[in-house]
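Each chain is listed here by its residues.
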Amino acid sequence: MNKLLAIIRERCPRCATGAIFARLFKMNRRCPVCGLEFEREQGYFVGAMYFSYALAIAAVLPIVVAMLLLGFTAASIYLVSCLFLAAASPFLFRYSRVLWIHLDQVIDPR
Ligand SMILES: [Zn+2]
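None of these values were measured; they are calculated from a predicted model.

## So, unusual backbone geometry
Backbone geometry follows two general trends: most residues other than glycine have a negative phi, and most peptide bonds adopt the trans configuration.
Turning to step 1, where the next piece is worked out: A positive phi angle, close to 60°, is found at Glu-10, a residue other than glycine.
Turning to step 2, where the next piece is worked out: Looking at where Glu-10 falls in the secondary structure, it is placed in the loop between helix 1 (2-8) and helix 2 (48-69).
Turning to step 3, where the next piece is worked out: Overall, Glu-10 belongs to the partly exposed group, with 15 C-beta atoms counted inside 10 Å.
Turning to step 4, where the next piece is worked out: With a phi close to 60°, Ala-16 is a non-glycine residue in the positive phi region.
Turning to step 5, where the next piece is worked out: Relative to the helices and strands, Ala-16 is located in the loop between helix 1 and helix 2.
Turning to step 6, where the next piece is worked out: Its 18 C-beta neighbours within 10 Å are what place Ala-16 among the partly exposed residues.

## Digging into the nonpolar core
Nonpolar side chains in soluble globular proteins tend to be buried together.
Turning to step 1, where the next piece is worked out: Ranked by size, the top nonpolar core spans 10 residues in total: Ala-6, Cys-12, Ile-20, Cys-31, Leu-36, Phe-38, Ala-48, Val-98, Trp-100 and Ile-101.
Turning to step 2, where the next piece is worked out: Looking at which element gives the most residues to this core, the answer is helix 3 (residues 74-107), with 3 residues.
Turning to step 3, where the next piece is worked out: When residues no more than four places from it in sequence are discounted, the contact partners of Cys-12 are Ala-6, Thr-17, Gly-18, Ile-20, Cys-31, Val-33, Cys-34 and Leu-36.

Conventions we followed
- Residues numbered from 1 in each chain as written.
- Predicted model: local features only at pLDDT ≥ 70, side-chain atom pairs only at ≥ 80, totals over all residues.
- Helix = DSSP H or I, 4+ residues; strand = E, 2+ residues; numbered from the N terminus.
- Buried ≥ 20, exposed ≤ 12 C-beta atoms within 10 Å, placed from the backbone.
- Core = buried A, V, L, I, M, F, W, Y, C linked by C-beta atoms within 7 Å.
- Contact = placed C-beta atoms within 7 Å.

Written as structure tokens, this is what we have:
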């Protein structure tokens, strides 16, 4: 439960207190509370793209299905999906990194 709350609140996977992000798109290099280094190595967040992709699909799929059932054209579904994903990109960016950091901490705790 503590881990889930830490993910939702975008907190450090080790102490569940320190903020991972300093601003909208700016991460803290280290946890301000326990000092855990968030970006362990160059290219570390490439793996977060898998979470970003999964989150984007999970977010846009209900919209696509609802619009298909309501009879919208493929072009309008595509347009709405693109606009929705553009608006959701800060959320996708942040949570994909948070999920990646938490998964990595479970697999390889430091
Ligand atoms: Zn911490």
